[in-house]
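So you can see what is in the structure, the chains are spelled out below.
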Amino acid sequence: MNKVLNLLGIARRAGKLVMGTDSIIKVLPSKKIKLIFIAKDASLATIDKIDKKAYFYQVPVVNKFTTEELSKALGVGSIKIVGIADDGFAKSMKEEIERGDLYEG
């Protein structure tokens with residue numbers, strides 16, 4: 001399984017995620033969200049809304065995964081937007097993405 005998706009699952013169990021568009025938009029001004037994942041199959045309106053807010057608050061956005069991949073990693077049904085609210089998890093995920101090691105083996 002994907003290393004970044006594994007980290008997402010661990011972050012969820014650690015209580016370091018904010019899930020859902022409305023929740024993320026509400027938390028963004030507090031600067032607690034360090035990285036945002038948007039499903040690449042989310043609606044254009046949702047992607048546009050989150051991209052603009054994330055740009056304004058200078059939060060990086062990743063859209064490399066589908067709704068199915070995010071939902072499976074998190075053990076929830078049909079999740080399209082996930083915010084990482086922890087510096088350590090966000091840093092590790094960014095490093096994996098930059099390294100290009102999205103898939104094990």
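Our structure's up above, just so we're on the same page.
Engineer: How do you make sense of the nonpolar core when you look at a structure like this?
Structural biologist: The tendency in soluble globular proteins is for nonpolar side chains to be buried side by side. Among the nonpolar cores identified, the biggest contains 21 residues, and Leu 8, Phe 37, Leu 70, Val 82, Ile 84 and Met 93 are the most heavily contacted of them. Elements that contribute at least two residues to this core include exactly α1 (3-13), β2 (35-38), α4 (67-74), β4 (81-84) and α5 (87-99). Top element by residues in this core is α1. It accounts for 5 residues. Contact partners of Leu 8, with chain neighbours within four places excluded, come to Leu 17, Phe 37, Leu 70, Leu 74, Val 82, Ile 84 and Met 93.

Engineer: Just to check I follow, could you spell out the packing of α1 against α4 for this structure?
Structural biologist: Relative orientation and spacing of two packed helices are given, respectively, by the angle between their axes and the distance between those axes. Relative to each other, α1 and α4 sit at 45°, their axes nearing to 8 Å. Classified by the interaxial angle, the pair formed by α1 and α4 is oblique. Crossing hand, α1 versus α4: right-handed. Residue-level contacts link Leu 5, Leu 8, Gly 9 and Arg 12 of α1 to Glu 69, Leu 70, Ala 73 and Leu 74 of α4.

Quick notes on the rules
Residues numbered from 1 in each chain as written. Predicted model: local features only at pLDDT ≥ 70, side-chain atom pairs only at ≥ 80, totals over all residues. Heavy atoms only, no water. Core = buried A, V, L, I, M, F, W, Y, C linked by side-chain atoms within 4.5 Å. Buried < 20%, exposed > 50% of the residue type's maximum accessible area, 1.4 Å probe, protein only. Helix = DSSP H or I, 4+ residues; strand = E, 2+ residues; numbered from the N terminus. Contact = heavy atoms within 4.5 Å. Axes fitted to C-alpha atoms, helices over the stretch in contact; angles between N-to-C directions. Parallel < 35°, antiparallel > 145°, perpendicular 65-115°, else oblique. Left-handed = near helix turned anticlockwise from the far one by under 90°.

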